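Structural description and commentary
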Amino acid sequence: MIHRVNKTPHITVIVPAYNEQLAITATLENIALHLELLSPHWDIVVVDDGSHDKTSDIVRQLPPSLNTTLVRFSRNFGKEYAITAGLKHANGDLVICMDADGQHSSGLLKDMLDKWREGFDMVYAVRQDRKIESNFKRWGTRIFYRAISLGGQIHIPRDAGDFRLMDRQVVDALLSLPERNRFMKGMYAWVGYKSIGIPYTPLPRSHGESAYSKLKLIQLAWTGVTSFSVMPLRAASAVGAVLSLISFGYGAIVVIDRLFFNESVPGWPTMAASIMFFAGVQLLFIGILGEYLARIYDEVKGRPSYIVAEVKKPQDPA
């Protein structure tokens, strides 16, 4: 393991933001305060993911002392793409991803830097307390991690989010991945490198509510499962095999009753219900297959993952 005890790196903090006009200033000031204590070389990159409020206007007016670059999307593309854009515009030897709502404690930055100096290339924060979350999110998180683990391709640390420190070689590896359906938690795990988790408890939001609705969380989880696991396809194959065996067994019973016991074959309602059931199962599995084909279609089209409408560096006039 490489030790970096005496190194003083350039640190870039990327902050994806969506409708955070009430919290963004305080969050950036707090981050800058802690960065000044860690390194003489640092900067912040704010990626405005198509906000409808004055988030971009506020970032443009920040004083030069906060050393903040604004990257503004042409519309809302999603947090995964905002993180990708932040990584692309980050110049630091180390890159740290933090939320704009202030729930990621800047006090952990020193602990992350210490772990990096010990030789770890990626240091991620692991959430310790989910009791304040809704039952929907808690159970959804359990189901998601169970489903993604069944695929067996990668191991995504449970309760590890986007709050993490990454060495430059990790950032370069992430940027080399060309896929457009991006699930960052899976991509962090896929690139590997020496990684370690540190516990943290999210701070209360100072303003507003989370921009992630239940539907968006479900969509993100489904993207993760279909991007890093073939478990849905294997499950469809397994269910199909079981239903085929059941159908074969039932057919054998019907034939035996007719040939050896000369019994008629009643039960047209049962047969009709069975046909409708199997037809529904087939349509469901065709839908699962269609999800994978749709992702192939998205990749083949070759459209950019996001469109940047504006980049304003600290030295540029507001």
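Refer to the structure presented above.
Structural notes, computed from the coordinates.

Basis of the calculations
- Residues numbered from 1 in each chain as written.
- Predicted model: local features only at pLDDT ≥ 70, side-chain atom pairs only at ≥ 80, totals over all residues.
- Heavy atoms only, no water.
- Helix = DSSP H or I, 4+ residues; strand = E, 2+ residues; numbered from the N terminus.
- Buried < 20%, exposed > 50% of the residue type's maximum accessible area, 1.4 Å probe, protein only.
- Contact = heavy atoms within 4.5 Å.
- Areas by Shrake-Rupley, 256 points an atom, 1.4 Å probe, with all protein chains shown as cover.
- Pairing = 2+ DSSP bridges.
- Axes fitted to C-alpha atoms, helices over the stretch in contact; angles between N-to-C directions.
- Phe/Tyr/Trp six-rings, centres within 6.5 Å; stacked < 30°, edge-to-face > 60°.
- Lys NZ or Arg CZ within 6 Å of the ring centre and 35° of its normal.
- Left-handed = near helix turned anticlockwise from the far one by under 90°.
- Nonpolar A, V, L, I, M, F, W, Y, C, P; charged D, E, K, R; others polar.
- Polar contact = N/O pair within 3.5 Å; in protein donor to acceptor, adjacent residues only side chain to side chain.

A count of helices and strands for the protein gives 10 helices and eight strands. A total of 318 residues make up the protein; the buried ones form 42% of that total. If you take every contact in the protein between residues at least 6 apart in sequence, the share linking residues at least 24 apart comes to 82%. As displayed, the protein offers around 17300 Å² of accessible surface, 60% of which is attributable to carbon and sulfur atoms.

Turning our attention to the sheet that holds strand β1 (residues 11-17). Read from one edge to the other, the open sheet built from eight strands follows the order β7-β5-β6-β4-β1-β2-β3-β8, with strand pairing classed as mixed. Only two strands of the sheet have a single neighbouring strand rather than two, namely β7 (195-200) and β8 (308-312). Averaged over all adjacent pairs, the angle separating strand axes in this sheet is 20°, with direction ignored. As paired strands, strand β3 (residues 68-73) and β8 are joined by four bridges and run antiparallel to one another. Bridge pairing in β8 places V71 opposite V311. With respect to the sheet, helix α1 (residues 24-38) is in contact with β1, β2 (42-48) and β3, its orientation differing from that of β2 by roughly 155°. Sheet strands in contact with helix α7 (residues 184-191) are β5 (122-127) and β6 (160-167), and its direction is about 40° off that of β6.

Inspection of the entire model under this criterion finds three aromatic pairs. With 5.5 Å between their ring centres and 90° between their planes, F73 and F77 make a pair best called edge-to-face. F77 shares its class with F73; the two are buried. Considering the side-chain rings of F73 and Y306, the 5.0 Å spacing of their centres and the 20° angle between planes classify their relative orientation as stacked. Note that F73 is positioned in strand β3 and Y306 in the loop between α10 (268-301) and β8, a separation of 233 residues in sequence. Both residues of the pair, F73 and Y306, count as buried. Grouped by ring-pair contacts, the aromatic residues F73, F77 and Y306 constitute a single cluster. Geometry around F77 places R75 over its ring, the cationic atom sitting 3.9 Å from the centre.

Quick look at the packing of helix α6 (residues 168-175) against α7 now. Their axes nearest at 10 Å, the elements α6 and α7 cross at an angle of 115°. Crossing of α6 against α7: the hand is right-handed. Here α6 contributes V170, A173 and L174 to the contact with α7, which in turn contributes M187, Y188 and V191. A per-class count over the contact of α6 with α7 returns six nonpolar, no polar and no charged.

A separate point is the side chain of K79. Along the chain, K79 turns up in helix α3 (residues 79-89). Of note is the side chain of K79, whose polar atom sits 3.4 Å from the side chain of D162.

The values reported here are purely geometric and, on their own, carry no functional implication.
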